[in-house]
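Close look at the chain arrangement
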Amino acid sequence: MGSPFKDHPPSNPSLAKKLIPWTFYAMFPLVLFRVYFYPYPLHQTTTTILTSSSVSPPPTLSEDETSCDYTDGKWVPDRRGPLYNGSTCGTIKEGQRCIAHGRPDMGYLYWRWKPKQCKLPRFEPSTFLQLLRNKHLAFVGDSMARNQLESLLCMLSSVSAPDLVYRDGEENKFRRWYFESHNFSISVYWSPFLVRGVEKSNTGPNHNELYLDHVDERWAADMNGIDMVVLSIGHWFLHPAVYHEGDRVLGCHYCPDLNHTEVGFYDILRKAIKTTLKALIDRKGHNDNGVDALVTTFSPAHFEGDWDKLGACSKTKPYEEGEKTLEGMDSEMRQVEVEEVGAAKMNSVQLVKFRLEALDVTKLSLMRPDGHPGPYMHPFPFANGVAERVQNDCVHWCLPGPVDTWNEILLEVVKKWDYESRREG
């Protein structure tokens, strides 16, 4: 449909010339007000909202840009700040609204991840929407998947507002948004193990039950309608659980009251990812439309001391290079995920409609102890003084915050895939 203004030529040109200077003087105070109170967007790259009648050419990449190692780098100051305002983006979970909840320091907003051997561009919302036009992107996993999803929605909303078209489940664990401007949908599916599981509850057993050889159909049943999926799990595997495989109980993790063999959760995580990726390959890898899949690697927590005491994660800037080493559980969880992605890629190399990558964010996330809500998971936690017990969130990320970088890397992967498709075509 064309512009509604195209058949209406401008009125008296001499009148327009007289009005232009007055229009400038009238708008100048408004511009000053906007600059003073809402500075962030003035630092961002100019973007254009694409419509079905206005489509820019696909972004071009050099050969070097398609093979960037984003895991090797450091955090450097960035005076531009985030693309969106955490007080106004309506899709942020309440516990990640650090600014609106009174966090007094703002320095954590002004850092960017700089890879050593290549460039990580600033997120371009219009480019992302263009590349995902007519597609359905799903985030599947635990609350870190939701954290990443909400970051992406906030950045995309800076150029095109989505409509919430589906909501189901407690705490909005299953939701879908629709960008009419690009016929593009984004969904989030709560599935903290990716495989079938029964979560612990106040009315049932105090442990989780995992069925490691069955993918979770709460999301997998929709697989045929998903074009791209971002999988993100890890933290729920640390909880007490009983593991089932086939007709037998394989063992359990931290279940002293049950007569089961103690099993390490690294191997269980490996089995869950293996089952999930095999289901993707079997159900979508041979289809004409295929699927693009990413596994976001483990995101480290930053608790220091007791989780319910003041100062559990109180740092206000990133670790410097060499100050913190990726080791222990954080390293092991990441290693399992990277290895399983590599194995699945080898097993599916003959499938032209199946693409898979690890979104390796573990190290860059480890270096950001300043990016968590901490006590500001609740509004103004010290309004009445400091209580003896202070609940802290040192796992999830403030929005805006370091998690936005995950989606900058996500966009670069999508751009690489698009470049490869056009080159091969």
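Figured I'd write up the structure that's included with this text. Computed from a predicted model, the values in this text were never measured in an experiment.

Focus: the pairing of strand β5 (residues 174–179)
Each regular strand displays side chains that alternate between the two surfaces of the sheet. Of the strand pairs in this sheet, strand β4 (residues 163–168) and β5 are connected by five bridges, and their pairing is antiparallel. Across the sheet, residue Asp163 finds its bridge partner in β5, namely Tyr178. Here β4 folds back onto β5, and the loop between the two strands holds five residues, one of which, Gly169, carries a positive phi near 90 degrees. Examined bridge by bridge, β5 and strand β6 (residues 184–190) share six bridges and lie antiparallel to one another. What sits directly across from Arg175, in β6, is Val188.

Considering helix α3 (residues 143–157)
Across its 15 residues, α3 extends 21 Å between first and last C-alpha, which sits within 8% of the 21 Å expected from 1.5 Å per residue. Within α3, 14 of the 15 residues are buried, which leaves it mostly tucked inside the rest of the structure. Between a side-chain oxygen at the N-terminus of α3 and the backbone nitrogen of Met144 the separation is 3.0 Å; the capping residue is Asp142.

Some points on helix α5 (residues 265–284)
For an α-helix, 3.6 residues make a turn, and residues three or four places apart therefore share a direction. Helix length check: α5 (20 residues) gives 28 Å between terminal C-alpha atoms against 28 Å at 1.5 Å per residue, within 8%. Among the residues of α5, those classed as buried are Phe265, Ile268, Leu269, Ala272, Ile273, Thr275, Thr276, Leu277, Ala279, Leu280, Ile281 and Lys284.

A word on the packing of aromatic side chains
The description of two aromatic rings rests on the distance between their centres and on the angle between their planes. All told, the structure shown has nine aromatic pairs when counted by the stated rule. Summarising the aromatic geometry, the rings of Phe123 and Phe128 are spaced 5.7 Å apart at their centres and angled 35 degrees between planes, so their arrangement reads as tilted. The pair formed by Phe123 and Phe128 is uniform in burial state, with each residue classed as buried. Measuring from centroid to centroid gives 5.9 Å for Phe193 and Trp236, while their planes differ by 80 degrees, and the two rings are edge-to-face. Remark: Trp236 occurs in the loop between β9 (228–232) and β10 (241–245) and Phe193 occurs in the loop between β6 and β7 (195–198); sequence separation between them is 43 residues. Judged on exposure class, the residue Phe193 and its partner Trp236 are both buried. Directly above the ring of Trp75 sits Arg368, whose terminal nitrogen or CZ lies 4.5 Å from the centroid.

Regarding unusual backbone geometry
With omega at 0 degrees, the peptide bond leading from Leu399 into Pro400 counts as cis. Counting through the fold element by element, Pro400 comes out in the loop between α7 (362–366) and α8 (403–424). A positive phi angle, near 65 degrees, is found at Asn134, a position not held by glycine. Counting through the fold element by element, Asn134 comes out in the loop between α2 (125–131) and β3 (136–141). Positive phi, close to 70 degrees, is recorded for Leu194, a residue that is not glycine.

Reading the values: the criteria
Per chain, the residues get numbers from 1 upward, laid out in the order the sequence is written. Local features are withheld for residues below a pLDDT of 70 in this predicted model, meaning they are given only at 70 or higher, and side-chain atom pairs are given and counted only at 80 or more; totals for whole chains, interfaces and linings count all residues. Hydrogens are left out, water is left out, and the side-chain values use all remaining heavy atoms of the structure. We treat two strands as partners when DSSP finds at least two bridges between them. Helix and strand assignments follow DSSP, with helices taken as H or I runs no shorter than four residues and strands as E runs no shorter than two, numbered in order from the N terminus. To estimate how far a helix should extend, the number of its residues minus one is multiplied by 1.5 Å. Only protein chains enter the accessibility calculation, which uses a 1.4 Å probe; a residue is then buried when its area is under 20% of its type maximum, exposed when over 50%, and partly exposed in between. Throughout this description, a polar contact denotes any pair of N or O atoms lying within 3.5 Å of each other; where both atoms belong to protein, one of them has to be capable of donating a hydrogen while the other can accept it, and for residues adjacent in sequence the pair is counted only when both atoms sit in side chains. Side-chain rings of Phe, Tyr and Trp, where Trp is taken by its six-membered ring, are said to pair if the distance between their centres is within 6.5 Å; with planes under 30 degrees apart they count as stacked, over 60 as edge-to-face, and otherwise as tilted. Here, over-ring charges are defined by two tests on the NZ atom of lysine or the CZ atom of arginine: distance to the ring centre within 6 Å, and angle to the ring normal within 35 degrees.

These values are about where atoms sit, not about what they do.
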